[in-house]
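# A closer look at the structure
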Amino acid sequence: MIEERFDAIVVGAGMAGNAAALTMAKRGMKVLQLERGEYPGSKNVQGAILYADMMEKLIPEFREEAPLERHLIEQRFWIMDDRSHVGMHYRSDDFNEERPNRYTIIRAQFDKWFSSKVREAGATVLCETTVTELVRDERERIVGVRTDRRDGEIHADVVVLAEGVNGLLGTRAGLRARPTPDNVALAVKEMHFLPRETIEARFNLKGDEGVVIEAAGTISRGMTGMGFIYANKECISLGIGCLVADFQRTGQTPYGLLDQFKSHPSVAPLIAGSEVKEYSAHLIPEGGYKSIPQLYGEGWVVVGDAAQLNNAIHREGSNLAMTSGRIAAEAIGLVKSRGEPMTATNLSIYKKMLDDSFVIKDLKKYKDLPPLMHTQSQNFFLTYPQLISKAMQNFVRVDGTPKAEKEKATLKSFVKARSWTGLFGDACRFARAWR
């Protein structure tokens, strides 16, 4: 047993765990962070998006030191059928600002750097250490953790669970239910390496400018899911994810969807001639506001993906993770500064602070969208993308058919597929869920 006692133990060294450990260490707290990987980020090979505002609150000078890929100047949205896509995009030179708003990053590199800042702040970081269970006292309060190291138990005033969506500590301890298949997505990703100048030519970029493409439609075969493409400096992050429940229901395979996505006529030219060096799979919380578990208790708090804090509509995860980790740490610091014990009553301030942040406000706004997308997945991810694609082709194809006849044919195809009642009902349900 490690005799040394800590103010806090943080389980996990992802975005949420690093944010929590850094914030507490900067406040002078004695912090131990435990990570089961060889190093923080060793299990993350995928690219991701970093939101600058949230990182600035933690490390104001991060742009000068962090391993950033490209700052994003353009966002594209694609609605796809099997042979085409209908898209919209926003591109602005305003994003070529002195302090850009969003960046693409490689998580393995970024998490390692982020962890180095945690160490510099004074926290103790132990990698290749698996936490096997939470330790309770005679009054059932969490007072530490048990690891797979020989020294066994480690004690602390509070434990921060930043173990990810599929972490077992909280569920084994009965602190939260295990996520259900309809609340978790499985995403598969690849890193496609190309010369920098090739990437910039294909995506119409210069310097460190970047582009993100998010895609939905028949690529998910009627399941609730999306594809994405991120342009990095010398590689392209490409992937697709769908609800685990849908994979179970349909028998589709994640790698099968990924292969079909890569071979799509709109995608294949972007990665032609690339070398695939990395492949990964990752679970993502998708349940939204209604799936958030209990966030605090006697001697513990939960943050990030483990708390189901992910905005699936806007594809925002890392900013919610960093913010929840920081807020949890600030709440713990406040309790400690008052000289009070880490009881559930005292730690409830974490939830109050989180409720006042954009994290819960955004998730609450879209609370009805995840179940709507799940129950209506065939319509929103298969039927409508096909109808929209046919409508656009009908609009732009010139073949001698009068425009009035084309418009009637397009309207008829929508009514035939969904009926007037169905179309009106879909529009109303979507509008209610979005507001």
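Coordinates for the structure precede this section.
Here is a short report on the structure shown in this document. The structure presented is a predicted model; accordingly, all values stated were derived computationally and were not measured. (Residues numbered from 1 in each chain as written. Predicted model: local features only at pLDDT ≥ 70, side-chain atom pairs only at ≥ 80, totals over all residues. Heavy atoms only, no water.)

### Quick word on the overall build of the chain
Each helix and strand counted, the chain has 15 helices and 17 strands in total. By its C-alpha atoms, the chain is 85 × 50 × 40 Å across when sized along the principal axes. Taken over 435 residues, the chain has a buried fraction of 55%. Sequence separation of at least 24 residues holds for 72% of the intrachain contacts in the chain that already meet a minimum separation of 6. Carbon and sulfur atoms provide 50% of the accessible area of the chain, an area that totals close to 19,600 Å². Charge centroids of the chain, computed over 58 positive and 56 negative side chains, lie 6 Å from each other. (Helix = DSSP H or I, 4+ residues; strand = E, 2+ residues; numbered from the N terminus. Buried < 20%, exposed > 50% of the residue type's maximum accessible area, 1.4 Å probe, protein only. Contact = heavy atoms within 4.5 Å. Areas by Shrake-Rupley, 256 points an atom, 1.4 Å probe, with all protein chains shown as cover. Lys, Arg positive; Asp, Glu negative; His and termini not counted. Charge placed at Lys NZ, Arg CZ, Asp CG, Glu CD.)

### Some remarks on a nonpolar patch on the surface
On the surface, Met 392, Phe 395 and Val 396 cluster together into a nonpolar patch covering about 330 Å² of accessible area. As for its placement among the helices and strands, Val 396 is situated in helix H14 (residues 377-396). (Patch = residues over 30% accessible without salt bridge, like charges linked within 9 Å, V, L, I, M, F, W, Y side chains within 5 Å. Salt bridge = Lys/Arg side-chain N within 4 Å of Asp/Glu carboxyl O.)

### Let's talk about the pairing of strand S10 (residues 153-161)
Taken across its nine residues, S10 has seven buried, putting it largely inside the fold. Of the strand pairs in this sheet, strand S1 (residues 6-11) and S10 are connected by five bridges, and their pairing is parallel. For Ile 9, the partnering residue across the bridge sits in S10 and is Val 159. Two strands pair when backbone bridges link them, and strand S9 (residues 142-147) and S10 are joined in this way by three bridges, in the antiparallel orientation. Each bridged residue has a counterpart across the sheet, and for Arg 146 the counterpart in S10 is Glu 153. Hairpin connection from S9 to S10: five residues lie between these consecutive antiparallel strands, with Gly 152 at a positive phi of about 65°. Across three bridges, S10 lies against strand S17 (residues 300-302) in parallel orientation. Each bridged residue has a counterpart across the sheet, and for Leu 161 the counterpart in S17 is Val 302. (Pairing = 2+ DSSP bridges.)

No statement about biological role is implied by the geometric values presented.
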